[in-house]
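Tertiary structure, described
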Amino acid sequence: MTSDPRELRRVLDGRWADVRAEVRAQLGELRLTPEADLSTDEYRALTTENLRRLAESGRPHQGFDPAYGGGGDVGGVVTAFAALGYGDLSLLVKAGVQWGLFGGAVQVLGTSRHHDKYLRSIMDGDLLGCFAMTETGHGSDVQHLRTTATYDPATQEFDIHTPDAGARKDYIGNAARDGRMAVVFAQLITGGVSHGVHALLVPIRSEDGTALPGVTIGDCGRKAGLNGVDNGRLSFDHVRVPRENLLNHFADVAEDGTYSSPITSASRRFFTMLGTLVRGRISVAGGAGAATQKALALAIRYGATRRQFADPESGEEVVVLDYLVHQRKLLPALATTYALHFAQADLVSEMHDLQSFDAEPGSNAETEAGQRDLETRAAGIKAVATWHATATIQTCREACGGAGYLAENLLPQLKADTDVFTTFEGDNTVLLQLVAKTLLSDYGRRVGKLDVVGKARFAADLMAGSMAERTGLRAVVRRGDLRDRAYQRWLLVEREEHLLAAAARRMRKALAPGADRFAVFNGAQDHLLVAARAHVDRIVLDSFAAAVDRVESPALRGLLEQVRALYALSVIEGDRAFFVEHGYISRGRAKAVTQAVNTLCGQLRPQARTLVDGFGIPEAWLDCPLLDGGRDSHAAPTDPSPSQEEPTDLAAVG
């Protein structure tokens, strides 16, 4: 089995290995671990300075249209920005706002009149901007934002207005200090008719940094984390902008106020516009993955040197990573991190192939289907990856004891900075509901296409499944080997299909005459969420398996297959109740799943350091007293509990 992390790094770096290598070289010298005692103002200034250094590197240009000096590498730039999560997440977020959200909106929602005027200055960092979507009263429900953009044909201007306190734009990155222009999402009104949410370019500051007339700028102040990002609040008191400031790729307003769009359905137009902005959601998942990898690198490297409690036989203190309970904390989380890394890589590739400037055009149906699949995957992986980051970084903090609580050891900052990832660029709960709705729609179309015989068989299968569940025959009919990849996947596929079919049956009640559709949906929300999560778990497993199969080295493929199996069995173990309750495995086999996880943890323990070193995190970004290795003044203080007099039951744990 391989012990060379460089081999692993080549596999993990994947399609954009050259980009990752360049980012490590270009950014390795940046001051990306800010001192804990920086004031908010100092931290913001440092982040802006690093943002400009990023612009000078030319890396942000790679995601823009080559016709305007960009590199046309959509996937490469998302990969590069995610790597900033190894260093300073404030810089990652500020860069994401500038080039992913602000610049990305101008690029994909605008047309040549906007590209000619603004793209180059956005790429160069000369025009810093904001993405003003979220409002105080509406975050996830973008369709019902209350800011208005009313067209005045007499002056050929839009009147941008905040009608009430709930319509104030809130939590807007780049707004409090640096932004000079914002992409503002507002209800577009012309001729007294509202055409739904559209995006417009609205200047908010003059060159000297003062707010422009009619624009009120507030500062969100110090936050739990990401204090290098100047989040602010924006309100507009009848601010006038030219008609040409409407980002008009999907809809336009003529001089006389006539509204036009190639997409006749208002709902479809809205979701098409939002769908083009999926890059931000994918970038958040990538940043969360990088932060998780960093936390695991810190905790596993520390756990491989930190000793606690003596072995009764030898009298020597035991390395904490040799304890099964410690392996249980970290190694399944590491396996899930690997799985999500490969799923993220597939997602970025799918996005690049669909949205790159040299992509082969397909039919409208093909493009829409591809875009819908991309949005569904992005929503699900973003939700699961950011929840995993929150849970894993907390686990890593605990695994490092008192040392993990010290700011100098980086983990507290990772905890604070990633906490908001679960609710920005889409609240995770809402995102999984969107995944579930898409799955239900696809399920309905799939069943609807069956002929009479097919539908009869489908109904018979449902009846047979229900009978097998009640009698426990299902677990007898398909026992399988828990170590077998095909059997592990079968269990995850069956869980996904079972939950989806059951959710569809519950949601059919909403179609009955006189049914309270909201009550039906509200009553099934818990079911929809677990069905969506089961779907994400399965596609993540498939991505991991495909990545393993591409590895040429037998030794490395064997190692990654063990990590893949640990991920699969960890998912099954985590939902043992479902598999037992619905007759997929017996109670005895549920216990065997736990034993299999324990065995894999023990087998992977010698390779734990190699697995985290394979991430290729620059040492400068891991440098902290936690990893000094010796028992000096920087070593973790001995915890007051458990007692230094080692209890007999704790001695047996090793």
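A brief look at the structure comes next.

Conventions used here
Residues numbered from 1 in each chain as written. Predicted model: local features only at pLDDT ≥ 70, side-chain atom pairs only at ≥ 80, totals over all residues. Heavy atoms only, no water. Helix = DSSP H or I, 4+ residues; strand = E, 2+ residues; numbered from the N terminus. Buried < 20%, exposed > 50% of the residue type's maximum accessible area, 1.4 Å probe, protein only. Contact = heavy atoms within 4.5 Å. Core = buried A, V, L, I, M, F, W, Y, C linked by side-chain atoms within 4.5 Å. Pairing = 2+ DSSP bridges. Axes fitted to C-alpha atoms, helices over the stretch in contact; angles between N-to-C directions.

1. Comments concerning the side chain of N174
Structurally, N174 can be placed in the loop between β4 (169-172) and β5 (181-190). Given the relative accessible area of 0%, N174 is considered buried. Discounting residues that sit within four places of it in the chain, N174 has contacts with K94, V97, Q98, L128, G129, C130, G179, R205 and D230.

2. Remarks on the nonpolar core
Counting residues in each nonpolar core, the largest one holds 163 residues, and the members touching the most others are F185 and Y338. Here this core takes 14 residues from helix α8 (residues 278-303), the largest share from any one element. The contact partners of Y338, leaving out residues within four places of it in the chain, are L8, L12, F544, L560, V563, L611 and F615. Counting 24 residues, the second-largest nonpolar core is a separate cluster that includes C130, V239, A251 and Y259.

3. Concerning the sheet that holds strand β7 (residues 215-219)
Spatially, β4-β8-β7 is the arrangement adopted by the 3 strands of the open sheet, whose pairing is antiparallel. Each end of this open sheet is capped by a strand with a single partner; those strands are β4 and β7. Adjacent strand axes in the sheet meet at a mean angle of 20° when their direction is disregarded. Note: β4 against strand β8 (residues 232-236), 2 bridges, orientation antiparallel. Looking across to β8, one finds that I172 is bridged to G232.

4. What to know about the side chain of S570
Tracing the backbone through its elements, the reader meets S570 in helix α18 (residues 554-574). With near-sequence residues (within four places) excluded, S570 lies in contact with P332 and V597.

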